[in-house]
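Structure at a glance
Listed below are the residues making up each chain.
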Amino acid sequence: QYSPDSVAGADGEMDPSEVTFPGCPCRSRSCVSPACPCLCRGHNYSGLCLRGAGQGRFARPVFECNALCGCGERCQNRVVQRGLHLRLQVFRTPCKGWGVRTLEFVPRGTFVCEYAGEVLGWAEARRRTRAQSPQDPNYILAVREHLHSGRVLQTFVDPTHVGNVGRFLNHSCEPNLFMVPVRVDSMVPRLALFAATDISAGEELCYDYSGRSHNPPGSSREQEPLEQDNRVRKPCYCGSSTCASFLPWDSSLFATP
């Protein structure tokens, strides 16, 4: 089932459509910092959030204006919520199954699409992961945000049964997209993919499934698997000069509690 936005998973733990954030009191057509409390919560689109890996040791969160805000729909702080505007094409690749390419030029920093699906709690994400065989495709994406307090916010999105075009994006060890968790109406983030570089028409769109392209070195939770684990890992066919040979590996959802 195609859905442009993420939906609540079958476990009902998280509802991404719920509005829990207060709106800003701005009455101008487009909000400006520091007058707008939404912009003051973290990075904004004119700041560091779209500069890729060179942004420094830590990234701040991104909050868009929401349904309760007084600003207009043309506010510059409303990007991901407007949805997909580019002409994209799902196509059959030679060795990676389905893929996605752009039919038009995409400038660096442009919002491309969201990785949408069912938003699951940890228990349901783990149950679905463990129910898969090594031959099954795994679309479950785990995003971990590390807070200064030491707390880790986890978001699991599964587009296996409900999702959008982001479901068909392939991994690359040298990607042209990077992912930013963007919050609009609640603390449930929307997993937004932006162009990491200028992208030519006809070029395949890919991102690094491990998040390395937007994280400082050593911050990824990807693990170095044991030799026996390589037998069930999926090979990487990205073709880049820095290809790691296998898709990123994180065994946390497979481990026994």
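Below is a summary of the structure that appears in this document. (Residues numbered from 1 in each chain as written. Predicted model: local features only at pLDDT ≥ 70, side-chain atom pairs only at ≥ 80, totals over all residues. Heavy atoms only, no water.)

The strand order across the open sheet built from 4 strands is E1-E6-E8-E7, with neighbouring strands paired in mixed fashion. One side of each edge strand has no neighbouring strand; the edge strands of this open sheet are strand E1 (7–8) and strand E7 (141–146). Sheet strands touched by helix H2 (residues 122–130): strand E6 (118–120) and strand E8 (152–158). Its angle to E6, the strand with the most contacts, is close to 110°. (Pairing = 2+ DSSP bridges. Helix = DSSP H or I, 4+ residues; strand = E, 2+ residues; numbered from the N terminus. Contact = heavy atoms within 4.5 Å. Axes fitted to C-alpha atoms, helices over the stretch in contact; angles between N-to-C directions.)

In this structure, aspartate 208 sits in the segment after strand E12 (206–207). One polar contact links aspartate 208 to serine 210, side chain to side chain, over a distance of 2.7 Å. (Polar contact = N/O pair within 3.5 Å; in protein donor to acceptor, adjacent residues only side chain to side chain.)

What follows deals with the packing of aromatic side chains. Taken as a whole and assessed by the stated rule, the structure comprises 6 aromatic pairs. Ring geometry for tyrosine 115 against tyrosine 207: centres 6.4 Å apart, planes inclined by 65°, an arrangement best described as edge-to-face. Of this pair, tyrosine 115 sits in the loop between strand E5 (111–114) and E6 while tyrosine 207 sits in strand E12, and the two are 92 residues apart along the sequence. As far as the burial class goes, tyrosine 115 and tyrosine 207 line up, both buried. One aromatic cluster is present, formed by Tyr45, Phe111, Phe178 and Phe194 through successive ring pairs. The ring of phenylalanine 21 is capped by arginine 41, whose NZ or CZ atom sits 5.2 Å from the centre of that ring. (Phe/Tyr/Trp six-rings, centres within 6.5 Å; stacked < 30°, edge-to-face > 60°. Buried < 20%, exposed > 50% of the residue type's maximum accessible area, 1.4 Å probe, protein only. Lys NZ or Arg CZ within 6 Å of the ring centre and 35° of its normal.)

To continue, consider unusual backbone geometry. The residue after serine 33, namely proline 34, is reached through a cis peptide bond having omega 5°. Within the fold, proline 34 resides in the loop between E1 and helix H1 (37–40). Of note in this structure, serine 245 is not a glycine but carries a positive phi near 80°. Mapping serine 245 onto the fold places it in the segment after E12.

The next point concerns the environment of aspartate 208. Classification of aspartate 208 as buried rests on a relative accessible area of 5%. For the pair formed by aspartate 208 and cysteine 173, sequence separation is 35 residues and the distance between their alpha carbons is 6.0 Å.

This next bit is on the pattern of salt bridges. Applying the stated criterion to the full structure yields 9 salt bridges. For arginine 190, the salt bridge goes to glutamate 114, with nearest N and O atoms at 3.1 Å. Placement of arginine 190 in strand E11 (residues 190–195) and of glutamate 114 in strand E5 is noted, with a sequence separation of 76 residues between them. In terms of burial, arginine 190 and glutamate 114 fall into one category: buried. Three or more residues are tied together by salt bridges with common partners; here these are Glu118, Glu124, Arg127, Arg128 and Asp158. (Salt bridge = Lys/Arg side-chain N within 4 Å of Asp/Glu carboxyl O.)

Below, the discussion takes up the environment of serine 6. As for its position among the elements, serine 6 is in the segment before E1. On the accessibility criterion, serine 6 (14% relative accessible area) is buried. Expressed as a C-alpha distance, the spacing of serine 6 and proline 16, which sit 10 residues apart in the sequence, is 6.6 Å. Contact partners of serine 6, with chain neighbours within four places excluded, come to Pro16, Glu114, Tyr115, Ala116, Gly117, Val119 and Val157. One polar contact links the side chain of serine 6 to the main-chain amide nitrogen of glycine 117, over a distance of 3.2 Å.

A few words on H2. Every buried residue of H2 is listed here: Glu124, Ala125, Arg126, Arg128 and Thr129. Where H2 is buried, its residues contact E6 and E8.

Before going further, it helps to examine the pairing of strand E10 (residues 177–183). Among the 7 residues in E10, 7 count as buried, and that is most of the element. Of the two faces of E10, both are covered, the one formed by Leu177, Met179, Pro181 and Arg183 as well as the one formed by Phe178, Val180 and Val182. Across 2 bridges, strand E2 (residues 62–63) lies against E10 in parallel orientation. Bridge pairing links valine 62 to valine 182 in E10. The pairing of E10 with E11 spans 6 bridges and is antiparallel. If you follow methionine 179 over to E11, its bridge partner there is leucine 193. Linking E10 to E11, which pair antiparallel, is a turn of 6 residues.

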